Amino acid sequence: MSGETPLHFRTIAELSALIRDRRLSPVELMQSCLDRIHALDGRLNSVLLLLEEPALAAARQAEAEIAAGRWRGPLHGIPIGIKDIYETAGIPTTGHSALFRDHVPAEDATTIRRLREAGAVLFGKLSTWEFAIGGTSFDLPWPPARNPWDTERDPTGSSTGSAVAVAAGLCPGAMGTDTGGSIRAPAAWCGIAGHKPTYGLVSRRGVLPLAFSLDHAGPMCWTAEDCALMMAVLAGHDPLDPGSADVPVPDFSAAIGEPGSLAGLRVGVVRHFYEEDVPCEPAVLAGVEDALRALRGLGATLADVRLSPFGLWSAVGNLISRAESYAVHAESLKATPELYGSYGRRRLMAGAFVSSADYINAQRERGRLVEEVRAALREVDVLVFPSARDVAGPMGVDMLGAALPPFFSRPFNLTGSPAVSVCSGFSAEGLPVSLQIGGRAFEDPLVLKVGSAVERALGTRARRPALAMAEMAA
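Because the structure is predicted, anything quoted here is derived from the model rather than measured.

Time to look at the environment of Leu 262. With respect to the helices and strands, Leu 262 occurs in the loop between helix 7 (224–234) and strand 7 (266–269). It is 32 Å that separates the C-alpha atoms of Leu 262 and Pro 79, two residues lying 183 residues apart in sequence. Setting aside residues no more than four positions away along its own chain, Leu 262 makes contact with Leu 295, Leu 298, Gly 299, Ala 300, Lys 449, Val 450 and Ala 453.

Next up on the list: the nonpolar core. In terms of nonpolar packing, the biggest core is built from 127 residues, with Met 30, Ile 80, Tyr 86, Leu 115, Leu 307, Leu 383 and Ile 437 touching the most fellow members. At eight residues, helix 7 tops the list of elements feeding residues into this core. Trp 189, Ala 388, Ala 392 and Met 399 belong to the second-largest nonpolar core, a separate cluster that totals eight residues.

Before going further, it helps to examine the sheet that holds strand 10 (residues 419–426). Reading across the sheet, the eleven strands line up as 1-3-2-4-6-5-10-11-9-7-8 and stay open at both edges, with mixed pairing between neighbours. Edge positions in the sheet fall to strand 1 (47–50) and strand 8 (301–304), since each of these pairs with one other strand and no more. The sheet shows a mean angle of 30 degrees between the axes of neighbouring strands, taken without regard to direction. Summarising the sheet, strand 7 and strand 8 pair through four bridges and their orientation is parallel. Each residue of the ladder has a partner; that of Gly 268, found in strand 8, is Ala 303. Relative to strand 11 (residues 432–439), helix 9 (residues 282–297) is tilted by about 50 degrees, and along the sheet it contacts strand 7, strand 8, strand 9 (382–385), strand 10 and strand 11.

Looking now at the state of the cysteines. All told, the structure shown has zero disulfides when counted by the stated rule. Among the cysteines around Cys 33, which has no disulfide bond, Cys 171 carries the closest sulfur, lying 6.8 Å off. The buried category is assigned to Cys 33, whose relative accessible area is 2%. Free cysteine Cys 221: the closest other cysteine sulfur is in Cys 227, separated by 4.0 Å. For Cys 221, a relative accessible area of 0% corresponds to the buried category.

In this section: the confidence of the model for the protein chain. Summing up the model confidence of the protein chain, the mean pLDDT is 95 and the portion of residues at 70 or higher is 97%. A low-confidence stretch, residues 468–474 stays under pLDDT 50, and its non-local contacts, those more than four residues away or across chains, total 13 contacts.

Quick look at the pattern of salt bridges now. Tallied over the entire structure, the rule returns 26 salt bridges. One network of salt bridges, with partners in common, ties together Arg 266, Asp 381, Arg 440 and Glu 443.

Relative to the helices and strands, Ser 97 resides in the loop between strand 2 (79–83) and helix 4 (110–117). Looking at Ser 97, the relative accessible area reads 0%, which means it is buried. Engagement of the side chain of Ser 97 in a polar contact is seen with the backbone nitrogen of Leu 99, the distance being 3.1 Å. Apart from residues no more than four positions distant in its own chain, Ser 97 is found in contact with Glu 130, Phe 131, Pro 141, Trp 142 and Leu 339.

This part takes up the pairing of strand 11. When you tally the buried positions in strand 11, you get eight out of eight residues, the bulk of the element. Alternating residues of strand 11 divide into Pro 432, Ser 434, Gln 436 and Gly 438 and Val 433, Leu 435, Ile 437 and Gly 439, and every residue in both groups is buried. Here strand 10 runs beside strand 11; their pairing, made up of seven bridges, is antiparallel. Across the sheet, the residue bridging to Phe 426 is Pro 432, located in strand 11.

For helix 9, with 16 residues, the first-to-last C-alpha span of 22 Å sits near the 22 Å given by 1.5 Å per residue. Residues Val 284, Gly 287, Val 288, Ala 291, Leu 292, Ala 294 and Leu 295 constitute the buried set of helix 9. Along the long axis of helix 9, the arc covered by the buried residues comes to 160 degrees, so they all point the same way. Exposed side chains of helix 9 directed beyond 90 degrees from the buried face belong to Pro 282 and Gly 297. Just beyond helix 9, the residue with positive phi is Gly 299, at close to 105 degrees.

Glancing now at helix 7. Of all the eleven residues making up helix 7, nine are buried; the element is thus mostly covered by neighbouring parts of the structure. Among the residues making up helix 7, those that are buried are Ala 224, Asp 226, Cys 227, Ala 228, Leu 229, Met 230, Met 231, Val 233 and Leu 234. Just downstream of helix 7, Gly 236 is the residue with a positive phi angle, here 145 degrees.

You can see Lys 449 is positioned in helix 14 (residues 444–458). Other than its neighbours up to four places away in sequence, Lys 449 contacts Ala 255, Ile 256, Ser 261 and Leu 262.

This part is about the packing of aromatic side chains. Both the distance between ring centres and the angle between the ring planes are used here to describe each pair of aromatic rings. Counted under the stated rule, the structure contains nine aromatic pairs. Arranged with centres 5.3 Å apart and planes meeting at 90 degrees, the rings of Phe 100 and Phe 131 form a pair that is edge-to-face. One end of the pair, Phe 100, is in the loop between strand 2 and helix 4; the other, Phe 131, is in the loop between strand 3 (121–126) and helix 5 (160–167), and 31 residues separate them in sequence. For Phe 100, a relative accessible area of 25% corresponds to the partly exposed category. Look at Trp 149 and Phe 426: their rings are 5.4 Å apart centre to centre, the planes differ by 50 degrees, and that puts the pair in the tilted class.

Leave glycine aside and you will find that most residues have negative phi; peptide bonds, for their part, are mostly trans. Going from Gly 157 to Ser 158, the amide bond is cis rather than trans, its omega being 15 degrees. Not every positive phi belongs to a glycine, and Asn 45 is a case in point at roughly 60 degrees. Position of Asn 45 relative to the elements: it lies in the loop between helix 2 (26–44) and strand 1. Despite not being glycine, His 96 shows a phi value in the positive range, around 55 degrees. Inspection of the secondary structure assignment puts His 96 in the loop between strand 2 and helix 4.

The rules behind the values
Numbering of residues begins from 1 in every chain and follows the order in which that chain's sequence is written. In view of the model being predicted, local features appear only for residues whose pLDDT reaches at least 70, and side-chain atom pairs are presented and counted only at 80 or more, with totals across whole chains, interfaces and linings using the full set of residues. For the side-chain quantities, the full set of heavy atoms in the structure was used; hydrogens and water were omitted. Here a strand is any run of E in DSSP of at least two residues, a helix any run of H or I of at least four, and the numbering for each starts at the N terminus. Note on contacts: a residue pair qualifies if any of its non-hydrogen atoms lie within 4.5 Å across the two residues. Each nonpolar core is a collection of buried residues, namely Ala, Val, Leu, Ile, Met, Phe, Trp, Tyr and Cys, held together in the definition by side-chain atoms within 4.5 Å. Using a 1.4 Å probe on the protein chains alone, a residue whose accessible area is under 20% of its type maximum counts as buried, one over 50% counts as exposed, and one in between counts as partly exposed. Strands are treated as partners if at least two bridges between them are detected by DSSP. For helices, the fitted line uses only the C-alpha atoms of the stretch in contact; every axis is such a line through C-alpha atoms, and the angle between N-to-C directions lies from 0 to 180 degrees. The disulfide definition used here is simple: a pair of cysteine sulfur atoms within 2.5 Å. Each residue gets a pLDDT score, which is the predictor's confidence in that residue and runs from 0 to 100. Whenever a carboxyl oxygen of Asp or Glu lies within 4 Å of a side-chain nitrogen of Lys or Arg, that contact is scored as a salt bridge. The definition of a polar contact used here is a pair of N or O atoms within 3.5 Å, where within protein one atom must be able to donate a hydrogen and the other to accept one, and adjacent residues in sequence count solely through side-chain atom pairs. Given the number of residues in a helix, its expected span is that number minus one, multiplied by 1.5 Å. The arc refers to the directions leading from the helix axis to the C-beta atoms. Only the six-membered ring of Trp is used, alongside the rings of Phe and Tyr, when aromatic pairs are assigned; centres must lie within 6.5 Å, and planes under 30 degrees apart are stacked while those over 60 apart are edge-to-face, with the rest tilted.

So, in structure tokens, the structure goes:
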């Protein structure tokens, strides 16, 4: 972009500093986002429910508080979109499904409450795959979101609307969820940063469940630095979430942007995942190599790491996910199967055919795989490999029938380790490619620091979807 960065393309870090110093009104910022939503989202379909008046009221409240010297922190006055599987008091939470069309929760999810307490402006509910599993479906009450880099391309899921809205500049940050890659996969195809936190670090209470032992809640932003700012608000023990970890909340942003901050970092490259097990397209490979060169240039040392074949990780994750998701939906599937879309119904019903023996054996194999990664991370500090095998595919592609898994996200759901997807470049046709960075449990700050360093070194954050910019100018 030439000249000054438009308001709607500024990062949370930039906007927060302007708001804190009273050089930007939260009302002006929210109105800018609303104007952009009205101009663009008719083609992108990322917003299921726009809460325009409540959002402007919250922005006015934030402005008054900051004027009175009561700045709450980096999210105060910042517009944040919410994937529509987070429960919101008095506001529909549909899961993008006819089954929950009239579901209006009585209270906020823990994460929503924390965002409100931090002064964030929650402006709307964003589209998702049906119950975070249903695929890019055209037989639901609302249309699927479209990729802003090319609206004939799929943004993938399940956090579709969150990735699309951030990439298109409709909002600076959004909430997603990740059971098998649902934050990192759409982050990869839409060219944004998506962070899956360590299991238990962010509460899932009040988030519509999919698979109890794999579900994660986390932020999706334009930069890894912005994800760190959101994590500072989202993280923390929740005694009402059985999976919540009672651990100290670290400073997620402390080391981001430090000069020479990757000196001595040991990076493990899981090369066989993307060169042998699931061969990637040339544009993805080029993006990975660019990122590896950048890491070396920042002072990191690189070494190849070998884990179990990716197909095993994928098979174990799929078995566990299908069994647990069927357990969540079994009663509704039996009572009202017609209220599900065809993709969602088919994917959920697959769990009915997973035997208890298969599930138990998959969990046992999972334990071995978890220890395998722990052992690898005793020798290196982070593991890296692509987030996606290829660039965004055509709208509505059925990934269940794919010959090769399209994403490399399953391993870190199985281990519960933190992982972030960041943009590492672009294909010849201008579509984003990505790098995934994973680390040890509760070392989320390090993972985000490495992600931010890669973004800065490669300069990918200066490029936005040309379609969105052209339409806005029109």
